[in-house]
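# Structure at a glance
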Amino acid sequence: TAAPVVGVPGSGLHLAAVGDDGRVDRDAAVAALFRLHYDRLSRIALLIAGDSARAEELVQEAYFLTWRHWDRIRSPGAAPFYLQRTVVNLARSSVRRRMVELRHLLGDREEVDDPDHGQRLDLERALAKLPVRKRACVVLRHYADCSEQETADLLGVSVGTVKSQT
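Heads up: these notes are all about the structure in this document. Computed from a predicted structure; not experimentally measured.

### Quick notes on the environment of Val139
By the element assignment, Val139 lies in helix α5 (residues 132–143). Linking Val139 and Ile44, residues 95 residues apart in sequence, is a C-alpha distance of 6.8 Å. Leave out the neighbours within four places in its chain, and Val139 touches Ile44, Leu47, Ile48, Leu127 and Ala144.

Written out as structure tokens, the structure is:
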């Protein structure tokens, strides 16, 4: 017999099958999360990391980690939060690593950017100038439309820190 299909409100897991043990099938659940959240998470990663190829790698890594650690997720409804937090943490770590590499390669010299021709480039450059924590706060609050509390939870900081960083 086929496993029953369940819906977890707000999680996007309405297509996930439940096994005989009553647990949500991780393959089906992660596939459903991918269909529902990949584009949004890719944009968030791009805005934090500043590079589209790197952003795609980060999101793929986040999905793999979510799949790999599915048993650590207490409820299927928490999976989108876990996934988004993983993307944010990976993007922040990537930016920090890249900044260390650039400082080493450039000897702390600033690169002079050519004038750009669009608001998107202006926004990306402005975001790139922000420290990683501020950048993550701004992206989550104003692009991802997260509340102050959601942003604080995703970044593992206080609401006051979110307010001061945005």
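### A look at the layout of surface pockets
Its boundaries defined by the atoms lining it, the second largest pocket holds a volume of some 160 Å³. As for the second largest pocket, its lining consists of His37, Arg40, Leu41, Pro80, Phe81, Leu83, Gln84, Ala144, Asp145, Cys146, Glu150 and Leu154. The set of elements that each furnish at least two residues to the lining of the second largest pocket consists of α1 (26–49), α3 (79–106) and α6 (148–155). Residue contributions to the lining of the second largest pocket peak at 4 residues, all from α3. Across the lining of the second largest pocket, the residue classes break down as 7 nonpolar, 2 polar and 3 charged.

### Quick word on the packing of aromatic side chains
What characterises a pair of aromatic rings is the spacing of the ring centres plus the angle enclosed by the ring planes. Scanning the model with the defined rule gives 4 aromatic pairs in all. Ring geometry for Phe34 against Tyr63: centres 5.3 Å apart, planes inclined by 65 degrees, an arrangement best described as edge-to-face. Here Phe34, found in helix α1, pairs with Tyr63, found in helix α2 (residues 52–68); they are 29 residues apart in sequence, far enough to count as distant. Judged by its relative accessible area of 41%, Phe34 falls in the partly exposed class. What links up through ring pairs into an aromatic cluster is the set Phe34, Tyr38 and Tyr63.

### Concerning the nonpolar core
One finds Ile48, Tyr63, Trp70 and Leu140 to be the most contacted residues of the largest nonpolar core, which totals 40 residues. Put simply, the parts of the chain that give this core at least two residues each are α1, α2, α3, α5 and α6. A total of 11 residues in this core trace back to one element, the largest contributor, which is α1. Aside from chain neighbours lying at most four places away, what touches Ile48 is Val88, Ala91, Arg92, Val95, Arg135, Ala136 and Val139.

### Let's talk about the packing of α1 against α5
Relative to each other, α1 and α5 sit at 145 degrees, their axes nearing to 9 Å. Here the hand of the crossing between α1 and α5 comes out right-handed. Touching Arg43, Ile44, Leu47 and Ile48 of α1 are Arg135, Ala136, Val139, Leu140 and Tyr143, all from α5. A class-by-class count of the residues in the contact of α1 with α5 yields 7 nonpolar, no polar and 2 charged.

Cut-offs used in this document
Each chain carries its own residue numbering, running from 1 in the direction its sequence is written. It should be noted that, the model being predicted, local features are given only for residues of pLDDT at least 70 and side-chain atom pairs only at 80 or more, the latter also being counted only at that level, while totals for whole chains, interfaces and linings use all residues. Neither water nor hydrogens contribute to the side-chain values; these are computed over all heavy atoms in the structure. To qualify as a helix, a DSSP run of H or I must reach at least 4 residues; to qualify as a strand, a run of E must reach at least 2; elements of each kind are numbered from the N terminus. Here, residues are in contact when the closest pair of their heavy atoms is within 4.5 Å. For cavity detection a 1 Å grid was placed over the protein atoms alone, and a set of points counts as a cavity when a 1.4 Å probe fits there but cannot get out; an open set counts as a pocket when protein lies on both sides within 12 Å along at least five of seven lines, with lining residues being those that have an atom within 4 Å of a point. Grid points are joined across faces, edges and corners, and a volume is the space filled by probe spheres set on the points. Following the grouping adopted for this structure description, the nonpolar residues are Ala, Val, Leu, Ile, Met, Phe, Trp, Tyr, Cys and Pro, the charged ones are Asp, Glu, Lys and Arg, and the polar ones are all others, Gly among them. Geometry of aromatic contacts follows a simple scheme: Phe, Tyr and Trp rings, the Trp one being its six-membered ring, pair when their centres are within 6.5 Å, and the pair is stacked under 30 degrees between planes, edge-to-face over 60, tilted otherwise. Burial here depends on accessible area, computed with a 1.4 Å probe over protein chains only, as a share of the maximum for the residue type. Under 20% is buried, over 50% is exposed, and the range in between is partly exposed. Throughout this description, the term nonpolar core refers to a set of buried Ala, Val, Leu, Ile, Met, Phe, Trp, Tyr and Cys residues connected via side-chain atoms within 4.5 Å. Geometry is summarised by axes, namely lines fitted to C-alpha atoms with helices restricted to the contacting stretch, and by angles between N-to-C directions that run from 0 to 180 degrees. Less than a right angle of anticlockwise turn of the near helix away from the far helix marks a crossing as left-handed, whereas a clockwise turn marks it as right-handed.

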